[in-house]
Amino acid sequence: MKNTKNKSFTKTLIIMLLIAGIITLGMMLLENVRKNNDTYVTIDVNSMELVQLESPKDGDPIAIIETTLGEIRFVLYPQYSPNAVKNFTELADSGYYDGTYFYNSDSGVYSSAGSKQKDGSYQSGSASERVERELNQNLWSFKGAVCCATTDIDRTFSQKLFGGGTYYCGSRLNFLNTIEFTDELKEQMTASQTNEQLTNAFIENGGIPNFAQQMTVIGQVYQGMDVVEKLASLESENNGNYKIPKDDIMIISAKTDTYSADEKTE
């Protein structure tokens, strides 16, 4: 009986957190502004373009990631996240990612990759790990989004108390799958929506709404979504920081290229 109550409480808590994320997203759009570092990102719902829902076009920059579970291809967005995309491109084309680990597989929701060590550690303080976070009204945490993991935060004492600061990202990548959009969650999202297009995009395409405008999005998977799903659902062990896959799951190689219409998209 106690175990059943605990499971029920955990489920309720998760739903409450997801709803809180949706409400926050709605307020962000309603107020038409989101605080990012020490600046403001203006979100104009009338000019917002959900570019991740579009198919890539001839000549678009892409990344090709070969993993031990299969290949992932994603279009890159240098026009929206120029510094992070440049950082990723330079690392990928230098061979940095070859032989790096998937170090987190979180409950079917997302996976994390790009660490030289299985525990997810990285070279703190290096230039490639100190890229200021870039947020944009056209990029969202939909299923298939590729984001740069946060590495550091610079905060004054006041910012530690009241929020704010400068957020940084680096070499490590998050491949987003999706939360479960239950009927209850869909009803909550629909009831609190301030932008029907964005709400429907999350419901129809999947994603992680409470990650919205929290991480730099550099790309969107257009081929290999089945691999993204597998990577998020690996058997893992929790080390206190990450849910580390029990088996060694690796990035075999990573490179950048340009998209050709001859490619098959999912």
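Residues numbered from 1 in each chain as written. Predicted model: local features only at pLDDT ≥ 70, side-chain atom pairs only at ≥ 80, totals over all residues. Heavy atoms only, no water.

(A) Representation of the pairing of strand β6 (residues 110-115) in the model. Across the six residues that make up β6, a large majority, six, are buried. The pairing of strand β5 (residues 100-106) with β6 spans five bridges and is antiparallel. The residue of β6 that forms the bridge with Asp106 is Tyr110. Turn length for the β5-β6 hairpin, with the two strands adjacent in sequence and antiparallel, is three residues, and the turn residue Ser107 shows positive phi of about 55 degrees. Pairing between β6 and strand β9 (residues 166-176): four bridges, direction antiparallel. Pairing of Ala113 across the sheet is with Leu173, part of β9. (Buried < 20%, exposed > 50% of the residue type's maximum accessible area, 1.4 Å probe, protein only. Helix = DSSP H or I, 4+ residues; strand = E, 2+ residues; numbered from the N terminus. Pairing = 2+ DSSP bridges.)

(B) Local environment of the pattern of salt bridges. One pass over the structure, following the stated rule, counts nine salt bridges. For Glu54, the salt bridge identified is with Lys57, shortest N-O distance 3.5 Å. Assessed through its relative accessible area of 42%, Glu54 is described here as partly exposed. With a shortest N-O distance of 2.7 Å, Glu229 and Lys143 are connected by a salt bridge. Separated by 86 residues along the polypeptide, Glu229 in helix α6 (residues 225-231) and Lys143 in the loop between β7 (131-132) and β8 (145-154) bring together distant segments of the chain. Where salt bridges share partners, they join Arg130, Asp152 and Asp154 into one cluster. (Salt bridge = Lys/Arg side-chain N within 4 Å of Asp/Glu carboxyl O.)

(C) Fine view of unusual backbone geometry. If you check the backbone angles, Ser107 has positive phi at about 55 degrees while not being a glycine. Relative to the elements of secondary structure, Ser107 occurs in the loop between β5 and β6. Judged by relative accessible area, which is 53%, Ser107 ranks as exposed. One non-glycine residue, Gln213, lies in the positive phi region at around 55 degrees. You can see Gln213 is positioned in the loop between α5 (196-205) and β10 (216-223). On the basis of relative accessible area, Gln213 is assigned to the buried category, the value being 5%.

So, to be careful, I would describe these as geometric facts and stop short of saying anything about function.
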